[in-house]
Amino acid sequence: MSNDSVVVLITWRAQPGLEDVAVRELGALISTVVASEPDCSGITMLQDAGDPTRILLHERWTSKDAYLGPHMHTPHLESFVERSAQFIAGAPEITFWKTVTSV
């Protein structure tokens, strides 16, 4: 990862009973992002083993600016956000992380 690269952790909460729908919709979004956005170098989706309504995305981006800028204005993300109220409970928590190397 370059010095500007960033890991983005996004925590979503599915509406109870709609966990499978949320996972399916997020999976489709992930496939589109990875295939069409060169600034994204990968996304892993995790589901809380004790609470299946909690879904975590671990994303790797070339920079925070790439994530917050062009990515946030893509048609596929805007469409997902519009539909997400049907299966997601509230706004996601988004945090940005950098790799720390030890000496």
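The notes below deal with the structure included here. Position numbers for residues start from 1 in each chain and track the written sequence from start to end. Given that this is a predicted model, residues contribute local features only at a pLDDT of at least 70 and side-chain atom pairs are listed and counted only at 80 or more, while totals for whole chains, interfaces and linings are drawn from all residues. Here the side-chain values reflect all heavy atoms present in the structure, with hydrogen atoms and water set aside.

**Observations concerning the side chain of Thr53**
Part 1 of the argument: Looking at where Thr53 falls in the secondary structure, it is placed in the loop between strand S2 (40-47) and strand S3 (54-61).
Part 2 of the argument: Among the polar contacts listed, one links the side chain of Thr53 to the side chain of Arg13, at a separation of 2.9 Å.
Part 3 of the argument: The term polar contact refers here to a pair of N or O atoms within 3.5 Å; inside protein, the definition further demands a hydrogen-donor-capable atom paired with an acceptor-capable atom, and it admits residues adjacent in sequence only when both atoms are side-chain atoms. Side-chain polar atoms of Thr53 contact the side chain of Asp51, separated by 2.6 Å.
Part 4 of the argument: Contacts: residue pairs with any heavy atoms within 4.5 Å of one another. Aside from chain neighbours lying at most four places away, what touches Thr53 is Trp12, Arg13, Ala14, Pro16 and Glu19. We count a stretch as a helix when DSSP gives it H or I for four or more residues in a row; a strand needs E for two or more, and each element gets its number in order from the N terminus.

**Side note on the packing of helix H1 (residues 19-36) against helix H3 (residues 75-84)**
Part 1 of the argument: Axes here refer to lines fitted to C-alpha atoms; in helices the fit is confined to the stretch in contact. Angles between the N-to-C directions go from 0 to 180 degrees. At a minimum axis distance of 10 Å, the contact between H1 and H3 shows a crossing angle of 170°. Overall, the two elements H1 and H3 adopt an arrangement that is roughly antiparallel. Contacts between H1 and H3 involve Glu25, Leu26, Leu29, Thr32, Val33 and Ser36 from the former and His76, Leu77, Phe80 and Arg83 from the latter. In this scheme, roughly parallel covers angles under 35 degrees and roughly antiparallel covers those over 145, while 65 to 115 is roughly perpendicular and the rest are oblique.

**Points about the layout of surface pockets**
Part 1 of the argument: Taken as a whole, the largest pocket encloses approximately 260 Å³ of empty space.
Part 2 of the argument: Around the largest pocket, the lining is made up of 21 residues, and of these Ile10, Trp12, Leu77, Val81 and Pro92 lie nearest the centre.
Part 3 of the argument: Elements represented by at least two residues in the lining of the largest pocket include exactly strand S1 (6-13), H1, S3 and H3.
Part 4 of the argument: Amino acids are sorted into nonpolar (Ala, Val, Leu, Ile, Met, Phe, Trp, Tyr, Cys and Pro), charged (Asp, Glu, Lys and Arg) and polar (every other residue, Gly among them). Looking at the lining of the largest pocket residue by residue, the classes come out as 17 nonpolar, three polar and one charged. Definitions used for this entry: grid spacing 1 Å over protein atoms alone; cavity, a set of points where a 1.4 Å probe fits but cannot get out; pocket, an open set with protein on both sides within 12 Å along at least 5 of 7 lines; lining residue, one with an atom within 4 Å of a point. Grid points are joined across faces, edges and corners, and a volume is the space filled by probe spheres set on the points.

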